[in-house]
Structure formats: structure tokens, C-alpha cells
Amino acid sequence: MNIRSLTRGDGVVIGAAVVLFIASFLDLSGYDCPSGVDCSRFSSPNAWDSLGLLMSVFLAGIIGAALVVVGRLTPGRKVVGFDLGQFGAAFTVFALWTAFWTTIDVSDAGAGLILGLLATIVLAAGAIAGPLVPALKAPIVGAPKPPQAVQPPYGGQPGQGYGYPGAQQQPYGAQPSQGYGYPGAQAGGQPGQADPAAAQAQAAQAQQSAPQGGAAPAGDFTPFWFAVPVARPLYGEDGAPNPIAELAPGTWYLAVEQRGQGLIAQTQDGRRGVLQDTTGIQRG
């Protein structure tokens, strides 16, 4: 589970579910106390005194909210052929439908019914509009700062990923410090001592061969960190239709390979898959 995958719409759903739970303890109906009568001992029943109303409005709405949130945290799970989020949204609409007609039917609705009706309205609206409205699709938790460095592959610059923006790549043919055993140094000589004539000859040979065999292929891919603007599915490399994970906004992932128009991305727990939609991604 990735808490960063929760959106503002999920936050609305969670908040409405909390209000609905509080409303279940409030009075379902009001009453007028006649003058001269002590009504301190009289108490109106709440939802926990009415099993049918409790299950069809209050607990149905809370269960629907839980399914919506769990469906967001664990994408791909289904109940009788429906995604958990869709199943949860159906629960919230059912709770709203029951609360609406129950409130109309009661002659003197109490605070519990009125607050419960308002909570189910917000709950159903958040569950349905959350995946559709751009303002509600934004993540609750902001994106962290990108990593300062990518683990360099063999031959990369220490402290900066190979190909990372700003890293100074050594030009082809330029020879770094020539220590013992470095190509161009005299194999039989002392460490750090090279034959000047042999070194000059090898440098000239390297400059002549650079345009032919030394140039890097155009298709070389440099790993980089990226973040997605909205939640996007990550599919298996075997081409299976069901996603293996969901990339959440606010989290940085590592692109390790190009696959057509998509990317092979690696999640923080080590899973790898194909990100088919790469539009609008933010590179680190």
C-alpha cells in the first residue's frame, strides 16, 4: 500500500465517513417538551437503537468509504467483477438514497438524521466525482524532492547518475588518470610510469577509431527518476492485461529501460513493469 496514492477525493470520502459515524450516535428525531413536564429523563433513540437504519444508512456509507479507500491503495482488486472503488461508490449511493427518503418520512427529524443525510451527500459526491474532477484527483500528500543522485553504473560519475543533467561527461578519447594497468601505460614499467612514445601512439590510434567504433549508439538509454501527474497503472513485462501496481503522484520512480513509447519502471519495492502512458511525467 502506498499512502501517497490517496487523492483529495479520497480525503473527502474519509472525512464524510467520520462525520457519518459521529451522526450515528445523535438523536434520530426531535420532540417538543410540554410546559410543566420534566423531560430530562426522555431520550430520543439513535441509529444504534434501530438496526435497519444503522445497516442501511450509517454502516453502509462507512463500508462504502472503506472500499473506496482500499480500492485506491490496492488497485486491481475486484469484487464480483467490479473494482473495489466502484463497489464502494455503489454502497455510498445506496446509503444516500435510504437517508434521503428516511429523513423525508420522519415528521421531526433529529440531528442524527439531518447530519447523516448531509454526510451521505458529501460521501457519495466524493466517491463518484473523485476519479473525474481534476481538483479532486490531486494527491493529498505533496511530491517529495527528487533524489540527489542516481546510483551510477560502472563507469559513471560518482555522486551523479550517468547521464544525469549537469553531470560532465568525459569526452571520448580523453584519458583519465593513468594508473598502473590503465590502457596506454607500459605493462612492464613501474606503477604510474608510461612510455611516452607508446602512449602517444595509442592516443593517436584512439582518436582515429573514435568516429567508427567509439561513438555510442543512438538508442542508448540512460536511467532517470520521474514522477507521474496522476495515478497510472503499471503493467507486467509479460504483456498481461491486468496491472501489477499503480504509480502514484508524489512518488519518484526509476525508469530503467525504453519499451516502444512506454518505459520500464521500477517501484520502490523492486517490482518492474511497463508504464504505457508517459504523457506529462516529471523528470528528476
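Above this text you will find the structure in question.
These notes cover the structure that comes with them. Everything numeric in this text was worked out from a predicted model, so none of it was measured.

**Structural notes on the overall build of the chain**
When its secondary structure is counted, the chain shows 6 helices and 9 strands. Burial status across the chain gives 31% buried among its 284 residues. As presented, the chain carries roughly 16,900 Å² of accessible surface, and 59% of it is formed by carbon and sulfur atoms.

**Regarding the packing of aromatic side chains**
Per the counting criterion, the structure on display carries 8 aromatic pairs. Between the aromatic rings of Phe226 and Tyr253, the centroid separation amounts to 6.2 Å while the plane-to-plane angle is 45 degrees, which identifies the pairing as tilted. Placement of the pair is Phe226 in strand β3 (residues 224-227) and Tyr253 in strand β6 (residues 253-259), with a sequence separation of 27 residues. Side by side, Phe226 and Tyr253 carry an identical accessibility label, which is buried. Feature note: the residues Phe221, Phe224, Phe226 and Tyr253 constitute an aromatic cluster, connected by ring pairs. A cation sits over an aromatic face here: Arg283 above Phe224, 3.7 Å from the ring centre.

**Details of the nonpolar core**
In this structure, Val13, Leu28, Leu53, Phe58 and Leu123 are the most contacted members of the largest nonpolar core, which totals 20 residues. For this core, the secondary-structure elements that each account for two or more residues are α1 (8-23), α2 (51-73), α3 (84-105) and α4 (111-129). Considering each element in turn, this core owes the most residues, 6 residues, to α2. Apart from the residues within four sequence positions on either side, Val13 is in contact with Ala65, Val68, Leu123, Gly126 and Ala127. Counting 12 residues, the second largest nonpolar core, distinct from the first, contains Phe224, Phe226, Leu263 and Ala265.

**Focus: α3**
End to end, α3 covers 32 Å across 22 residues, agreeing with the expected 32 Å (1.5 Å per residue, within 8%). Listing the buried residues of α3 in full gives Leu84, Gly88, Ala89, Thr92, Ala95, Thr98, Ala99 and Thr103. Buried-residue contacts for α3 involve α2, β1 (78-79), β2 (82-83) and α4.

**Some thoughts on the packing of α1 against α4**
Where α1 contacts α4, the axes come no closer than 8 Å and their chain directions differ by 160 degrees. In terms of their interaxial angle, α1 and α4 are classed as roughly antiparallel. Taken as a pair, α1 and α4 cross one another with a handedness that is left-handed. Every residue of α4 that contacts α1 at Gly9, Val12, Val13, Ala16, Ala17, Val19, Leu20 and Ala23 is listed here: Gly112, Leu115, Gly116, Ala119, Thr120, Val122, Leu123, Gly126 and Ala127. Tallied by class, the residues present in the contact of α1 with α4 amount to 12 nonpolar, 5 polar and no charged.

**With respect to the pattern of salt bridges**
With the rule as written, the count across this model stands at 6 salt bridges. Between Asp10 and Arg72 there is a salt bridge, with its nearest N and O atoms 3.1 Å apart. Placement of the pair is Asp10 in helix α1 and Arg72 in helix α2, with a sequence separation of 62 residues. Taken as a pair, Asp10 and Arg72 share a single burial class, namely buried. Where Glu257 meets Arg272, a salt bridge forms, and the shortest distance between an N and an O atom there is 3.8 Å. One end of the pair, Glu257, is in strand β6; the other, Arg272, is in strand β8 (residues 272-275), and 15 residues separate them in sequence. Owing to a relative accessible area of 31%, Glu257 belongs among the partly exposed residues under this scheme.

The rules behind these values
- Residues numbered from 1 in each chain as written.
- Predicted model: local features only at pLDDT ≥ 70, side-chain atom pairs only at ≥ 80, totals over all residues.
- Heavy atoms only, no water.
- Helix = DSSP H or I, 4+ residues; strand = E, 2+ residues; numbered from the N terminus.
- Buried < 20%, exposed > 50% of the residue type's maximum accessible area, 1.4 Å probe, protein only.
- Areas by Shrake-Rupley, 256 points an atom, 1.4 Å probe, with all protein chains shown as cover.
- Phe/Tyr/Trp six-rings, centres within 6.5 Å; stacked < 30°, edge-to-face > 60°.
- Lys NZ or Arg CZ within 6 Å of the ring centre and 35° of its normal.
- Core = buried A, V, L, I, M, F, W, Y, C linked by side-chain atoms within 4.5 Å.
- Contact = heavy atoms within 4.5 Å.
- Expected span 1.5 Å × (residues − 1).
- Axes fitted to C-alpha atoms, helices over the stretch in contact; angles between N-to-C directions.
- Parallel < 35°, antiparallel > 145°, perpendicular 65-115°, else oblique.
- Left-handed = near helix turned anticlockwise from the far one by under 90°.
- Nonpolar A, V, L, I, M, F, W, Y, C, P; charged D, E, K, R; others polar.
- Salt bridge = Lys/Arg side-chain N within 4 Å of Asp/Glu carboxyl O.

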